[in-house]
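Summary of structural features
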Amino acid sequence: MNHQFNTRITDLYGIRIPIIASGLMWLSDPNYVSAAARAGIIGFMTAATFPDETSLRAAIQKCSALSQGKPFGLNIMIRASRDGIDRVNPLIDIAIDEGIKFVETAGNNPEAYIKRLKAAGIVVLHKVPGVRYAKKAEALGADAVTVVGAEAGGHPGVEPVGTMVMAAAAAQSLKIPLVVAGGLGTGAQLVAALALGADAIAIGTRFLVCEEIWAHRRYKEKLVATTETDTTLLLQSLKNTQRALKTEHVSMVQQLEHHNPGDQDILLPHIMGTVGRKAYETGAYEHAMLSCGQGVVFADRIEPLSTIVDRIESEAHIAMNRLQHIYKK
Ligand SMILES: Cc1cc2nc3c(=O)[nH]c(=O)nc-3n(C[C@H](O)[C@H](O)[C@H](O)COP(=O)(O)O)c2cc1C
């Protein structure tokens, strides 16, 4: 394999393969993110996973040591504060202080934070579930954007649009480097995304079965046995649509939501993040709502992250050869 994909994203991060291991709540820790770095891609540790400043600083330092000088970043979730407490700026303080060079923001409008991050020399990748939000992030000065399509695990937006349409529409509208996500997990899909105008793909779900993800083996075995029809959307009535693994718990929440649309007080106790963390610990996925995208169909065995990345890379070369073979004068 002499050929390599050189894009604005591989240049921006100094990575070998145009793939981003996007932030995964509770799961993208130093082991996972440094494995991404060593595999030639870039991963983002989720700041919200760590309970306090000391543990977040320790995680950044550990990730840096394990990454062997290769790039990694921090995922900062921007949430509207219900209690008036600013949870974002303290994370930015830590990122700056610990010398983080790359940040992935998501969840809400980054306007209040982007100038600070950029002034500190941090490269900002903002992740959005729609082209109009991507254009807004571009106007605000984001260095790059990720657009997330309907197939994605996590939050595909209140009006989910399929990745194929999202990618093509975003490529037509944006000037800054573009990352595309949602249901992606094969090398042929990487080539397709690049053909559509993307500079890289981002992956969440496909990587959940890698050995470096600390979650219980029983949960990973479930994902291996899961196909593209085994996920579902819920929480539309809270305007916080989420794609999750179909489980008994998720069916119960969907029933509850059906009868009590938009009722946070009733729904929140059943969808709290700590319920999910417990399921990752015990492997009892039946009792939780766990983000999972349709790309789970590609998660076919438990193996090291670098093996998955290598496979995607060789599949991409096969896809390129196929295109060269069928495209003739
Ligand atoms: C288990 C899980 C947890 C996630 N947690 C976060 C998170 O904390 N912050 C975030 O920005 N995105 C989060 N996401 C979304 C991913 O970063 C990424 O955008 C998405 O997984 C891409 O689509 P895919 O799942 O089809 O690969 C999560 C996704 C999954 C599957």
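As a convention, each chain's residues are numbered from 1 in the sequence order in which they are written. pLDDT decides what is reported in this predicted model: residues at 70 or higher carry local features, side-chain atom pairs at 80 or more are listed and counted, and totals for whole chains, interfaces and linings draw on all residues regardless. With hydrogens and water excluded, all non-hydrogen atoms of the structure serve as input to the side-chain values.

**Side note on the domain arrangement of the chain**
Assigned domains of the chain: these are domain 1 (8-215 + 297-326) and domain 2 (227-287). The C-alpha centroid of domain 2 is placed 24 Å from the C-alpha centroid of domain 1. Contact criterion: two residues are considered in contact whenever any of their non-hydrogen atoms come within 4.5 Å of each other. Taken together, the contact between domain 1 and domain 2 spans 17 residues of the former and 15 residues of the latter. For any pair of parts, buried area is found by adding up, for both, the accessible area (1.4 Å probe) each one loses once the two are put together. Here domain 1 packs against domain 2, burying approximately 1200 Å² in sum over the two surfaces, 63% of which is carbon and sulfur. Salt bridges are defined by distance alone: a side-chain nitrogen of Lys or Arg within 4 Å of a carboxyl oxygen of Asp or Glu. The tally of links between domain 1 and domain 2 comes to zero salt bridges. Here a polar contact means two N or O atoms within 3.5 Å. Within protein one must be a hydrogen donor candidate and the other an acceptor candidate, and residues neighboring in sequence count only if both atoms are side-chain atoms. At the surface where domain 1 touches domain 2, the tally comes to five residue pairs in polar contact (both at pLDDT 80 or more). Grouping the amino acids of the side of domain 1 that touches domain 2 by side-chain chemistry returns eleven nonpolar, four polar and two charged. Each domain's extent is set by a domain assignment, obtained either automatically or from a database. Ten residue types, Ala, Val, Leu, Ile, Met, Phe, Trp, Tyr, Cys and Pro, are classed as nonpolar, four, Asp, Glu, Lys and Arg, as charged, and the remainder, Gly among them, as polar.

**A look at the site of the ligand**
For this description, a residue counts as near a given molecule or strand if any of its non-hydrogen atoms is within 4 Å of it. Near the ligand lie 19 residues; those nearest to it are G23, K127, G183, G204 and T205. At 2.8 Å, a backbone N or O of M25 approaches a nitrogen atom of the ligand. For the ligand, an oxygen atom lies 3.0 Å from a polar atom in the side chain of N75. Against a free-state accessible area of 600 Å², the protein chains account for coverage of 93% of the ligand. Of the residues that constitute the shell around the ligand, the class distribution is eight nonpolar, ten polar and one charged. The accessible surface values rely on the Shrake-Rupley method and a 1.4 Å probe; as for residues, cover is taken only from the protein chains in view.

**Some points on the pattern of salt bridges**
This structure, assessed with the given rule, holds 16 salt bridges. We note a salt bridge from D97 to R57, for which the minimum N-O separation is 2.6 Å. Taken together, the residues D97 in helix α4 (residues 89-97) and R57 in helix α3 (residues 53-66) connect sequence positions 40 residues apart. Burial status follows relative accessibility: with a 1.4 Å probe on protein chains alone, a residue under 20% of its type maximum counts as buried, one over 50% as exposed, and anything between as partly exposed. Residue classification places D97 among the exposed residues on the basis of a relative accessible area of 54%. Judged by relative accessible area, R57 falls into the buried class, the value being 19%. In this structure, R217 and E221 form a salt bridge, with 3.2 Å as the shortest nitrogen-oxygen distance. In this pair, R217 and E221 both sit in helix α9 (residues 217-224), four residues apart, roughly one turn of the helix. Using a relative accessible area of 42% as the deciding quantity, one classes E221 as partly exposed. Salt bridges sharing partners connect three or more residues here, namely R206, D300, R301, E303 and R311. Helix and strand assignments follow DSSP, with helices taken as H or I runs no shorter than four residues and strands as E runs no shorter than two, numbered in order from the N terminus.

**Looking at the packing of aromatic side chains**
When the centres of two rings from Phe, Tyr and Trp lie within 6.5 Å, Trp using its six-membered ring, the rings pair. Their planes under 30 degrees apart give stacked, over 60 give edge-to-face, and anything left gives tilted. The full count for this structure, using the stated rule, is four aromatic pairs. When the ring of W214 is compared with that of Y280, the centres are 6.3 Å apart and the planes differ by 80°; the resulting orientation is edge-to-face. Taken together, the residues span a long stretch of sequence, with W214 in the loop between β8 (200-203) and α9 and Y280 in helix α12 (residues 273-282) at a distance of 66 residues. Its relative accessible area of 6% is what places Y280 among the buried residues. Chaining the aromatic ring pairs together yields one cluster made of Y13, F44 and F102. Seen from the ring of W26, R277 lies directly overhead, with NZ or CZ sitting 4.8 Å from the centre. Ring-over charges, as used throughout, are those where CZ of Arg or NZ of Lys falls within 6 Å of the ring centre and within 35 degrees of the ring normal.

**Comments concerning the sheet that holds strand β3 (residues 73-77)**
Only strands joined by at least two bridges in the DSSP assignment are considered to pair. Spatial ordering of the closed barrel is given by β1-β2-β3-β4-β5-β6-β7-β8, a layout of eight strands whose pairing is parallel. The average undirected angle you get between the axes of adjacent strands in this sheet is 25°. Both strand β2 (residues 42-46) and β3 contribute to a ladder of three bridges, which runs parallel. Counterpart to F44 in the pairing with β3 is G73. In this analysis, axes come from line fits to C-alpha atoms, helices being fitted only over the stretch in contact, and the angle between any two N-to-C directions falls in the range 0 to 180 degrees. Lying on the sheet, helix α2 (residues 30-38) is in contact with β1 (19-21) and β2; it crosses β2 at an angle near 165°.

**Some points on the pairing of strand β5 (residues 123-128)**
The buried count for β5 comes to six of six residues, which makes it a mostly enclosed element. Residues of β5 alternate between two faces, with V123, L125 and K127 on one and V124, H126 and V128 on the opposite face, all of them buried. Note that strand β4 (residues 102-106) and β5 share five bridges and pair parallel. The residue bridging T105 from the neighbouring strand is H126, located in β5.

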